[in-house]
Amino acid sequence: LRVAWRVFRVVKDPWVYLRFLASGEGSPKIRARTPIGDVAIRLRNHEAARTFFSIFVREDYPLSPHSACGVLDVGSNIGISALYFLSRHRENRVFCVEPDPANLSFLEENLAPYEDRAMKLAQACSADQTGNLDFYVARDGKYSSLLPNAHAHQVIQVAVRPIRELVDEATVLLGTDSLVMKIDIEGMEKRVLLSLPEEKLGQFRTIFVEGIGVGEALGAGWDTRVLAGYVEMIEREEAPGSERLTG
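Residues numbered from 1 in each chain as written. Predicted model: local features only at pLDDT ≥ 70, side-chain atom pairs only at ≥ 80, totals over all residues. Heavy atoms only, no water.

1. What to know about the layout of surface pockets
One way to see where empty space is left: roll a probe the size of a water molecule over the atoms. Worth spelling out the cut-off: Note on definitions: the grid is 1 Å and covers protein atoms alone; a cavity is a set of points where a 1.4 Å probe fits but cannot get out; a pocket is an open set with protein on both sides within 12 Å along at least five of seven lines; lining residues have an atom within 4 Å of a point. Grid points are joined across faces, edges and corners, and a volume is the space filled by probe spheres set on the points. Secondary structure elements are defined from DSSP: runs of H or I of at least 4 residues count as helices, runs of E of at least 2 residues count as strands, and each element is numbered from the N terminus. Gly is placed with the polar residues, together with every amino acid not listed as nonpolar (Ala, Val, Leu, Ile, Met, Phe, Trp, Tyr, Cys and Pro) or charged (Asp, Glu, Lys and Arg).
Considering only enclosed or pocket space, the largest pocket measures out at about 560 Å³ in volume. Taken together, 40 residues line the largest pocket, and the ones lying closest to its centre are Gly75, Asn77, Lys142, Asp184 and Glu186. Put simply, the parts of the chain that give the lining of the largest pocket at least two residues each are helix 3 (46–57), helix 4 (80–86) and strand 6 (124–126). Among the elements that take part in the lining of the largest pocket, helix 3 stands out by supplying six residues, more than any other. In terms of residue class, the lining of the largest pocket is built from 16 nonpolar, 13 polar and 11 charged.

2. A closer look at the pairing of strand 11 (residues 222–227)
To be explicit about the condition: Criterion used throughout: strands pair if DSSP finds at least two bridges between them.
With six bridges joining them, strand 11 and strand 12 (residues 231–236) adopt antiparallel strand pairing. Across the sheet, Trp222 pairs through a bridge with Arg236, a residue of strand 12.

3. What to know about the nonpolar core
For clarity, the threshold we go by: Nonpolar cores were defined as sets of buried Ala, Val, Leu, Ile, Met, Phe, Trp, Tyr and Cys residues, with membership established by side-chain atoms within 4.5 Å. Summary of the burial criterion: residues with accessible area below 20% of their type's maximum are buried, those above 50% are exposed, and those between are partly exposed, where the area comes from a 1.4 Å probe applied to protein chains only. Residue contacts are counted whenever heavy atoms from the two residues lie within 4.5 Å of one another.
Tyr17, Ile41, Leu43, Phe52, Phe56 and Ile80 are the most contacted members of the largest nonpolar core, which totals 41 residues. At seven residues, the largest contribution of residues to this core is made by helix 3. Residues within four places of Ile80 in sequence aside, it is in contact with Ile41, Leu43, Ala48, Thr51, Phe52, Ile55 and Phe56. Within the second largest apolar cluster, 36 residues are counted, among which are Leu146, Leu196, Phe204 and Trp222.

4. Regarding the environment of Asp38
Convention followed: For the purposes of these results, a polar contact is taken to be a pair of N or O atoms within 3.5 Å, where, inside protein, one atom must be able to donate a hydrogen and its partner to accept one; residues adjacent in sequence count only when each atom of the pair is a side-chain atom.
Relative to the helices and strands, Asp38 is located in the loop between strand 1 (29–32) and strand 2 (39–42). Asp38 gets classed as partly exposed once you look at its relative accessible area, which sits at 42%. The spacing of Asp38 and Val10 is 28 residues in sequence and 9.5 Å in space, taken between C-alpha atoms. A distance of 2.9 Å separates polar atoms of two side chains, one belonging to Asp38 and the other to Lys12.

Take a look at the structure:
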């Protein structure tokens, strides 16, 4: 209940948001209060409204506003997580990876005010595959995946790149040693992360994963917390007294 009341603290027009959350009709633009000021977010559908609640209200990907970082956002959807990361600090930068064409138009609109800090790549991420592969598109955009699934209503071809190449590109474009990754790619998270060589995985201070069991699979050198029952926040172990990017 206490988390639900945060809607009124975070959302500037809470009744517009709550009506949409209840009805799911239309694609309203809502405004959220953040550490850098108000941000506007165009919601695609009811699933997007639920995602907004998880990220902005419940804060499933907690990121400290006290230090800047670069974020590789794999599975950016319509940009809600990217906007959250960008709005934690005025110098944060985000590299977004999203293959669903219907999501991309919302992603472009939502990140347009932050073009100097947000980079977008219209491709899918894999462990080791490259080229054009079948992509299973869900009507709501939330469950679109390289894996066949019950939500798919259409199969299209999308460009695919392995995660190691995306990490290399993100490292250059984000221009910082303080790196965070968020990965939400509908069941492929564990396989993709385990395909990364240790030296590339070790470039990240924090990894947010939608799914359980990834942190344990990464082995020693990582601390894992489960948030909201389905998100793992995996942090590289630090020497005593060192600063964390999350909090």
